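If you want the building blocks of each chain, they are given just below.
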Amino acid sequence: MHPPASAVLPPISLGDVEIADEGTEDLDVQVLGSSFSSVCLVYLDHHELETRFVSDTELRARIPRRFLTDITSEEPRVDVRIPPGTPHYPGGARSPFARVTEPAPELHSISPETIDSEPSAPFLVTVRGKNLVNGSEAVFRGGRFRIALSHPREGTVELPPSVVDTSSDGGLLHVEVPVPGSSGTPYIKTAARPLKVTTPAPVIAGIWPPTLNAVDKLQGKAGAAKTASIEVSGTQLRSTTVVKWNGKPLTTFASPFAGRIWANLPLDARRDASTARITLETPSPQGPLESASHPLAVKTAPVLYTVSPAWVQARSTNVITFELRGEGLGESGQQVLLWNGTPLAPETFKENPSGPPNGSWTFTVPGHLLTLPGVFPVTVKRTYDGVESAPLFVHVVSESPTPIVYELRPSVLSVGDAPGSLTLGGAGFTGQSTVLINGQARPTRFHEPGNISTDISPSDLEQKGVLTLTVQTPAPGGGTSLPLLLPVHEESPQPSIDAVMGPGGENPVLARNESMALHLTGKGFTPRSVVHWAGQALPTQWQCPTPACIAGHSDQALLVASVPEGWARTPGAVRVTVLTPGSGGGESRPRYLVLTAGVETTLTLSPRDLDIGASKEGNEQRVSFTARGRNGAQVARLFVDGRERSFNHTDSSFSLSPEETSSERIFEIRTEDAGRSISAPVHLYVHGAKTPILFGLIPGVISRDSRWLDVPHPVLWSHGWDFSWTYGSARQPLITMNVSVPGNPSIQDIVHPESRLPFARLAVDVPGVRTVTVSRVAEGGGASLGALLNVVPERPAPLLMKLEPMSVSRGDPRLRLRIWGKGFHPTSQLRWKEFRSSLKPVFDSIGDTNHFEADLPAAALETPGGVDVTIETPPPGGGTSLPIRVVVE
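Residues numbered from 1 in each chain as written. Predicted model: local features only at pLDDT ≥ 70, side-chain atom pairs only at ≥ 80, totals over all residues. Heavy atoms only, no water.

Hey, could you run me through the overall build of the chain in this one?
Broken down by element type, the chain carries 1 helix and 84 strands. Dimensions of the chain, computed from C-alpha atoms along their principal axes, come out at roughly 120 × 85 × 60 Å. Each of the 889 residues in the chain was classed as buried or not, and the buried ones make up 49%. For the chain, restricting intrachain contacts to residue pairs at least 6 apart in sequence, the fraction spanning at least 24 positions comes to 66%. Accessible area of the chain: about 39600 Å², with a carbon and sulfur share of 51%. Of the charged side chains in the chain, 76 are positive and 88 negative, and the gap between their average positions amounts to 3 Å. (Helix = DSSP H or I, 4+ residues; strand = E, 2+ residues; numbered from the N terminus. Buried < 20%, exposed > 50% of the residue type's maximum accessible area, 1.4 Å probe, protein only. Contact = heavy atoms within 4.5 Å. Areas by Shrake-Rupley, 256 points an atom, 1.4 Å probe, with all protein chains shown as cover. Lys, Arg positive; Asp, Glu negative; His and termini not counted. Charge placed at Lys NZ, Arg CZ, Asp CG, Glu CD.)

Right, here's the structure in full:
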């Protein structure tokens, strides 16, 4: 009996054929026809495809790329089939074939379509189209740039600033896509889309100094000019932008800070009282583009810019020293400072010749003038003509600021460590601030507003755990800081000896029959550490050589061991080590104490310590020596480990080969003089990588959402000892900072050459405690004990410390304030009456985030009078800073 015949289905056609996955390059095929049902299957030759029923006229199928490579025919074909045994189709059914054509890539749009000339950083362009695969490249102005695809229809490409400049008006961008399935590098080119480059008009945001004095008109009696240039800040500044003074172009220079340029003042800038019109001009292919004008007043009266501090706490005794900045205050001795209208003693008001530009003066206010809260004007009057400046104001407040902490030294301790001082770094501390450990107040020493300390007790170090430290300042005002965490480890660090000395701090020492005190300096010492003399334990005491000893295993520790009677009577070299018992710890690398008979020549070496590989490949390491006690005899021979070695008689030096410094070892050096007298030995130490000792983290506590936008390199700094090779080594360090979060895989970053870890690698958007260690395992060393970085949901209370300028002109088109403070957060805003302004961080060469700027519109400057400016940070945590008054004249 013959099987039932296969039925013939109606013809099919193909609609859309697209790349379905940018990585696998599989195809998504739309099959069109009639009388489709859910039992229909699409086949590619003999391969059954993953089929999705859409309607009785449409099927969707996925063609894996590997199926296409298996097909030997020139064009792959698909058909629709119904399996045998299906109702109404006992023999199955099959449609005629339809040919599959490889889809061509398409570029539909790019975004943005217009970019500014001279971008300050690489800019991202989003490309959208069809049938894009991995390896696709954007081609623009002769350059090829890899596209990062999120889908075959969309990806982003990073274009460098160098592809555009102020003289260009753009160009065409197209995409080149590798031929799918090809083993070579043939590309298919899409149609091109225009990417325009425009030069925007510059905008002035602020000018510094905000006011000048007409010192030339006053024939020098008002003092010398304090600056020969102005700094103009703004947006859309280009390398070709120039500053203009009343329409006249000035010699203009680039600034190291983004959004600013400098210009030399014209010679006649201070010849008369006037208001100059400052503009910016940028050339472009469409013609010059000019900003709106910004007024710059030139006055005959003294001009004051800022006074700092701008707020102080009311007190009854202390004298406060202030800094005042301004111009035109008069020649030396021809001015008087008035505090609330009362002249201060002339000797208390002095110009600071080493201060910043724009005139820096200091004045002191006696305590009896600061006893009551209030807002007090500060003015300067020139005595030769009696002209007085407009006032700046200082707040004398009864409230205390909320303390801010961000650093703890040390931030790592061990069970059994020596007690001592803990130092907390931050801001806003007062004489009434108290350090709390686990919520209990401790006796606190106030050093300065950014530095206080307390002592850790032996009971704090009896068992492992984590101590919580906060700073609390009582009301009025005040509050409690964010918490720092101090781990107390069960393990101790490995000790490391820096020097071994006799009772007078010498090495070598005279051999003797009586007992002797042995002094060791180094790191990682604890009260449990024991000094070993030629392998024998000595009675050992841990001491601190300074009056205020830091807690833990710092570099201030001193071990004093008692060498018994008779042990030091034989001249020679004695091997000395330090052993810290218990978990961790261990024995240090050895050092030698040399005992002499008193008539031997002694040697000193430079350097005395070398790192493994200190000599560059192919180069020798030079070591200098100095012989003492030879009575003028010349060194005739040099011995290294008992073997004679040639040396340079001119500079008394010898060489070590790279092979000799390629492994850890100790060389014994001796000399022989012309009288055949052998010197006492001296030792040259070649070290491998040491185990780092982590002392502190900056910051030790941060808010989870404290990452500022557009901040290039926020980092976590670590500091301690033995992080890298010694100074002058040819080897580069490979410091691994390991950050582990409970429940998450560790994060590692190789840092060279500084001990810092980018915040971007820390995932600080989630609260929790991060354990940070510093490792040199990759160099043959060990890993430090871990410090703790506390990421909290709360935000610190802001501390506003300084504003510039504190006097502005009514009717200015806008105002850019310079702001200094601590504890500012990305959500913090400057409050100026009913106006709010976001803060923008300004960075110097070390990435300081204590300097910010904020812009205010002309509407904020319409009404004359004083404005109490504050910084406000919304909850959780946060708060409002103490105010600084700015005067609108």
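Could you clarify how one ought to interpret the state of the cysteines in this entry?
Here, disulfide denotes a covalent bond that connects the sulfur atoms of two cysteines. In this structure the tally under the stated criterion is 1 disulfide. Note on cysteine connectivity: Cys544 is disulfide-linked to Cys549, with sulfurs 2.4 Å apart. Every disulfide takes its handedness from the sign of the S-S torsion; for Cys544 and Cys549 that torsion is 105 degrees, giving right-handed. Judged by its relative accessible area of 13%, Cys549 is buried. (Disulfide = S-S within 2.5 Å.)

I keep staring at the nonpolar core and nothing clicks. Help me out?
Within the largest apolar cluster, 52 residues are counted, with the highest numbers of intra-cluster contacts made by Leu324, Trp339, Phe363, Ile819, Leu830 and Trp832. Sorting elements by how many residues they give to this core places strand β38 (residues 392-397) first, with 4 residues. Apart from residues no more than four positions distant in its own chain, Leu324 is found in contact with Leu304, Thr306, Val307, Leu329, Leu337, Phe349, Gly359, Ser360, Trp361, Phe363, Val380 and Leu392. Leu9, Leu49, Ile115 and Leu132 belong to the second largest nonpolar core, which has 46 residues in total. (Core = buried A, V, L, I, M, F, W, Y, C linked by side-chain atoms within 4.5 Å.)

Just to check I follow, could you spell out the sheet that holds strand β59 (residues 602-606) for this structure?
What holds strands together in a sheet is hydrogen bonding between their backbones, with the strands either parallel or antiparallel. In space, the 3 strands of this open sheet follow the order β59-β61-β64, with antiparallel pairing throughout. Looking along the sheet, the strands with just one partner apiece sit at the ends: β59 and β64 (653-656). Looking at each pair of strands side by side, their axes are set apart by 30 degrees on average, direction ignored. Relative to strand β61 (residues 621-628), β59 runs antiparallel, the two sharing 5 bridges. (Pairing = 2+ DSSP bridges. Axes fitted to C-alpha atoms, helices over the stretch in contact; angles between N-to-C directions.)

So what exactly am I meant to see when it comes to the side chain of Glu231 here?
Topologically, Glu231 is positioned in strand β22 (residues 229-235). A distance of 2.9 Å separates the side chain of Glu231 from the side chain of Trp262, its partner in a polar contact. Those residues in contact with Glu231, other than ones at most four positions away along the chain, are Gly206, Ile207, Trp208, Arg260, Ile261, Trp262 and Arg818. (Polar contact = N/O pair within 3.5 Å; in protein donor to acceptor, adjacent residues only side chain to side chain.)

Looking at this structure, how should I read empty space enclosed by the protein?
Here the idea is plain: a probe the size of a water molecule rolls over the atoms and shows the empty space left. Scanning all chains against the criterion turns up 3 cavities of 30 Å³ or more. Lining the largest cavity, in full, are Gln494, Pro495, Ser496, Ile497, Ser588, Arg589, Pro590, Arg591, His687, Lys690, Thr691 and Asp722. (1 Å grid on protein atoms, 1.4 Å probe; cavity = no way out; pocket = protein on both sides within 12 Å on 5 of 7 lines; lining within 4 Å. Points joined across faces, edges and corners; volume = space filled by probe spheres on them.)

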